[in-house]
Amino acid sequence: MIQKFNQVDRRFLSFPAVHPCEAVSSATLLGSLITLSQNVSNYQSKFFATQRRNARETIRQIGILLVFFEEIRDRGLIVPESALLCFSELHITFQKIRFLLEDCSGQGARLWILMKSELVATQFRVLIRTVSIALDVLPLNLIDVSGEVKELVELVVKQARKAKIGIDPDDERAMRRVLSILNRLEKGIEPEFQNLKWVLDYLEIKSWSDCNKEIKFLEEEISTQCVDGEEREVPFLSSLLGFMSYCRGVIFDTLDYQNADQTEERCNAEILSCLNPEDFRCPISLELMIDPVTVSTGQTYDRSSIQKWFKAGNTICPKTGEKLTNTELVPNTNLRKLIYQFCADNGVSLAKTGKKSRDVTRTIIPGSPAAAETIKFLSKFLARKLIFGPSEQKNKAAYEIRLLAKSNIFNRSCLIEAGTIPPLLNLLYSFNKSIQENAIAALLKLSKHGSGKKAIVESGGLRSILAVLKRGTSLEARQIAAATIFYLSSVKGYRKLIGEMPEAIPGLVDLIKEGTACGKKNAVVALFGLLLYPGNHQRVLDAGTVPLLVDILASSDKKELVADSLAVLAALAESIDGTLAILQTSSLHLITRILQSSTSQPGKEHCVSILVSLCTNGGDDAIAVLAKDPSIMSSLYSLVTEGTTHASKKARSLIKILHKFHETSSSGQGCQAFTHEQSVHAR
């Protein structure tokens, strides 16, 4: 039997060939060799931007051996036992050759293959020599093939032994050109257009989408190496990533929309998720926060990490470097609920999140000096295009910013510092659907950065974003605007400012009515952020939010959306007006049913919070309904033993309220005395 290696698990430029099992028959081994030889020969029609001579020579030699193997099969010749060992060695080597050719001809890796020319050439040389050694010991005289085929095999042996496999002089020249550009970048010298164009032409990177594939490959390679803890090449990869990002932004004036659209769809899916798990990591420990707290600068950290920071004698904010006015730690309950929801919905145990993130958090600082300078130059270039370029160039610049800021904190800071936010805000008034969508999406990415939030608000951007939320050229633009409001509302001082703007809360409520499931989620989470300012509670109620949220509970099959809606209802239910609004929708039975059936731990916690508030603020009528449902007790006791500290506390409170109701009912005491007792428990 010949096992197959799962190529999905293979690292780039690694060759994990599988050895044929000892019991494999000669016919099976021969058939597999023929298949491998055919696969290698098929690469003759592939394009090789580099390593052309080495690849061509390797493919030619394997093609000759294919004739040899096919004659043995077609004539039914017997393969002697002494030849099987040689065939097994060739089988392993052919697998490695196929992997090497696959990497050299693959789209997206042309620049990396160029810069690894010496290593790749060495691999070709080693593999060709291995073929030569295997053929040297092949008992060709014991295999009854024709004399012509024997001569071909002997020719391969001689050529493999003498093959001059090395770096192509043209490849070496191109590699040195790239290194020269990177060295000049490290010194703060912006690359010349003609030098960049020469490199791209040599690699036959002819379009925006070709360039984008190179960028995606480099990003994936950096991520893979970081996750594996093999970061030796990450600085160089980061330099190449910066180089190629600059080329994509500067060299190509037009987007290749056929390919760009696919990228955009993936980008949108990430944007509109609104809840980015990387935002849940503590800036100090880089681990998921279990108990997020906010310091006086408005930054949030995990409680244990910031307390260690203070015990070490530090009095500045670790993230901003600002002097802390005090060491008070304010629990960030909003973020805590979102973290627990994310963990519950994605099967993540907070007890098992010790492994540090190697994705977004590592991008706080640039990967290399050359990468830093490249992004600074590119940010200024894009800012100029946003201001002075024609409509097409403004649209492309907004899209470039959208991609650059997607998952890189340093890129965000450079783009903000270059002054891209004011012209992006101006583009929000464009009637061009693509321009408006790219501009609001770029602003969303920049709003994830602390200085981005500040720049948006200080530039008067709230009104522009709310205009898109209310009257955007597309539903997608409105949904992204809602996600942007969510990020802006993470700043304490902005919640009041946003809530007081007449179009903000009604605009979010309209999106709950009209948006897709993703749009509804963005709007609901944004409302939750705004509700952290008590003055916004009545505004949210007056906008008619409660019936819409109850409708989501009754009809939506989106677990995250239901949990978000419950979180908003729980916040509203804390006031008497909120309780009355919820009770008027006759949703009590619906909420208890969700408590008993939901698999979402945060959802259960929100349900019990709502029920406690309804009982506390709604009087005996609400309690009486719950008291008639004995099945609710099992769900409450389950939360007491298995829920979070907060959920357990709420569940115990509700159990006490229900027990008290049964006691007072059986003793015949009046409702007035009981209502007073409820209020005491609620507090």
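Note that the structure is a prediction, hence the values are computed from the model and not measured.

1. Some remarks on the overall build of the protein chain
Right, on to step 1. Broken down by element type, the protein chain carries 34 helices and three strands.
Right, on to step 2. Taken across its 683 residues, the protein chain has 54% of its residues classed as buried.
Right, on to step 3. The contacts in the protein chain between residues at least 6 apart in sequence include a share of 74% that link residues at least 24 apart.
Right, on to step 4. Of the roughly 30,300 Å² of accessible surface on the protein chain, 51% is carried by carbon and sulfur atoms.

2. Some thoughts on the packing of helix H23 (residues 504–514) against helix H24 (residues 517–530)
Right, on to step 1. Close contact between H23 and H24 brings their axes to 8 Å; oriented N to C, the two are set at 150°. Here H23 lies roughly antiparallel to H24, going by the angle between them. Our pair here, H23 against H24, has a crossing hand that is left-handed. Seen from H23, the contacting residues are Ile505, Leu508, Val509, Leu511, Ile512 and Lys513; seen from H24, they are Gly519, Lys520, Ala523, Val524, Ala526, Leu527 and Leu530.

3. Comments concerning helix H8 (residues 193–202)
Right, on to step 1. Among the residues making up H8, those that are buried are Leu196, Val199, Leu200 and Tyr202. Viewed along the axis of H8, the buried residues span an arc of 165°, placing them on a single side of the element.
Right, on to step 2. On its buried face, H8 sits against helix H2 (52–74), helix H4 (110–115), helix H7 (169–186) and helix H10 (234–250).
Right, on to step 3. Residue Glu204 follows H8 closely and has a positive phi angle near 55°.

4. As for empty space enclosed by the protein
Right, on to step 1. Applying the stated criterion across every chain, the model contains three cavities of 30 Å³ or more.
Right, on to step 2. Volume-wise, the largest cavity comes out at about 70 Å³.
Right, on to step 3. In terms of lining, the largest cavity is formed by Gly249, Val250, Phe252, Asp253, Phe381, Leu382, Lys385, Gln393, Lys396 and Ala397.
Right, on to step 4. Those elements that place two or more of their residues in the lining of the largest cavity are H10, helix H14 (369–388) and helix H15 (391–404).
Right, on to step 5. Grouping the constituent residues of the lining of the largest cavity by class yields five nonpolar, two polar and three charged.

5. Notes on the pattern of salt bridges
Right, on to step 1. Inspection of every chain in the model, using the stated rule, returns 23 salt bridges.
Right, on to step 2. Here Arg73 and Asp74 are joined by a salt bridge, their closest N and O atoms 3.0 Å apart.
Right, on to step 3. Taking the relative accessible area as the measure of exposure, Arg73 reaches 43% and is therefore partly exposed.
Right, on to step 4. One salt bridge connects Lys206 with Glu204, and the closest N-O pair in it is separated by 3.5 Å.
Right, on to step 5. According to the relative accessible area criterion, Lys206 is exposed, its value standing at 63%.
Right, on to step 6. By relative accessible area, Glu204 is classed as partly exposed at 29%.
Right, on to step 7. A cluster of three or more residues bridged by salt bridges with shared partners is formed by Glu71, Arg75 and Asp144.

6. Some remarks on the packing of aromatic side chains
Right, on to step 1. Scanning the model with the defined rule gives nine aromatic pairs in all.
Right, on to step 2. Each ring, one from Trp112 and one from Phe236, has its centre 6.1 Å from the other, and the planes form 50°; the classification is tilted. Of this pair, Trp112 sits in helix H4 while Phe236 sits in helix H10; the two residues are 124 residues apart in sequence, bridging distant segments of the chain.
Right, on to step 3. Judged by relative accessible area, Trp112 falls into the buried class, the value being 2%.

7. A word on the sheet that holds strand S1 (residues 292–294)
Right, on to step 1. Taken in spatial order, the three strands make up an open sheet running S2-S1-S3, and their pairing is antiparallel. Two strands lie at the open edges of the sheet, namely strand S2 (300–302) and strand S3 (330–331), each paired on one side alone.
Right, on to step 2. Relative to S3, S1 is paired through two bridges, and the arrangement is antiparallel. Considered in S3, the bridge of Thr294 is made with Val330.

8. Overview of the confidence of the model for the protein chain
Right, on to step 1. Residues at a pLDDT of 70 or more form 89% of the protein chain, whose mean pLDDT is 86.
Right, on to step 2. Counting interchain partners and residues more than four positions distant, the pLDDT-below-50 stretch residues 351–359 has 16 contacts.
Right, on to step 3. Low pLDDT (under 50) marks residues 670–683, which in the prediction has 17 contacts with non-local residues, meaning those over four places away or in another chain.

9. Examining helix H12 (residues 303–311)
Right, on to step 1. Along H12, the residues classified as buried are Ser305, Ile306 and Phe310. Projected down its long axis, H12 carries its buried residues within an arc of 135°, all on one side. Among the exposed residues of H12, those oriented more than 90 degrees off its buried face are Lys308 and Lys311.
Right, on to step 2. Among the structural elements, S1 and S2 are those in contact with the buried residues of H12.

10. A few points about the nonpolar core
Right, on to step 1. Within the largest apolar cluster, 217 residues are counted, with the highest numbers of intra-cluster contacts made by Phe68 and Phe87.
Right, on to step 2. Leave out the neighbours within four places in its chain, and Phe68 touches Phe87, Leu138, Leu140, Ile143, Val145, Val149 and Val153.

Conventions adopted
Residues numbered from 1 in each chain as written. Predicted model: local features only at pLDDT ≥ 70, side-chain atom pairs only at ≥ 80, totals over all residues. Heavy atoms only, no water. Helix = DSSP H or I, 4+ residues; strand = E, 2+ residues; numbered from the N terminus. Buried < 20%, exposed > 50% of the residue type's maximum accessible area, 1.4 Å probe, protein only. Contact = heavy atoms within 4.5 Å. Areas by Shrake-Rupley, 256 points an atom, 1.4 Å probe, with all protein chains shown as cover. Axes fitted to C-alpha atoms, helices over the stretch in contact; angles between N-to-C directions. Parallel < 35°, antiparallel > 145°, perpendicular 65-115°, else oblique. Left-handed = near helix turned anticlockwise from the far one by under 90°. Arc of directions from axis to C-beta. 1 Å grid on protein atoms, 1.4 Å probe; cavity = no way out; pocket = protein on both sides within 12 Å on 5 of 7 lines; lining within 4 Å. Points joined across faces, edges and corners; volume = space filled by probe spheres on them. Nonpolar A, V, L, I, M, F, W, Y, C, P; charged D, E, K, R; others polar. Salt bridge = Lys/Arg side-chain N within 4 Å of Asp/Glu carboxyl O. Phe/Tyr/Trp six-rings, centres within 6.5 Å; stacked < 30°, edge-to-face > 60°. Pairing = 2+ DSSP bridges. pLDDT = per-residue confidence, 0-100. Core = buried A, V, L, I, M, F, W, Y, C linked by side-chain atoms within 4.5 Å.

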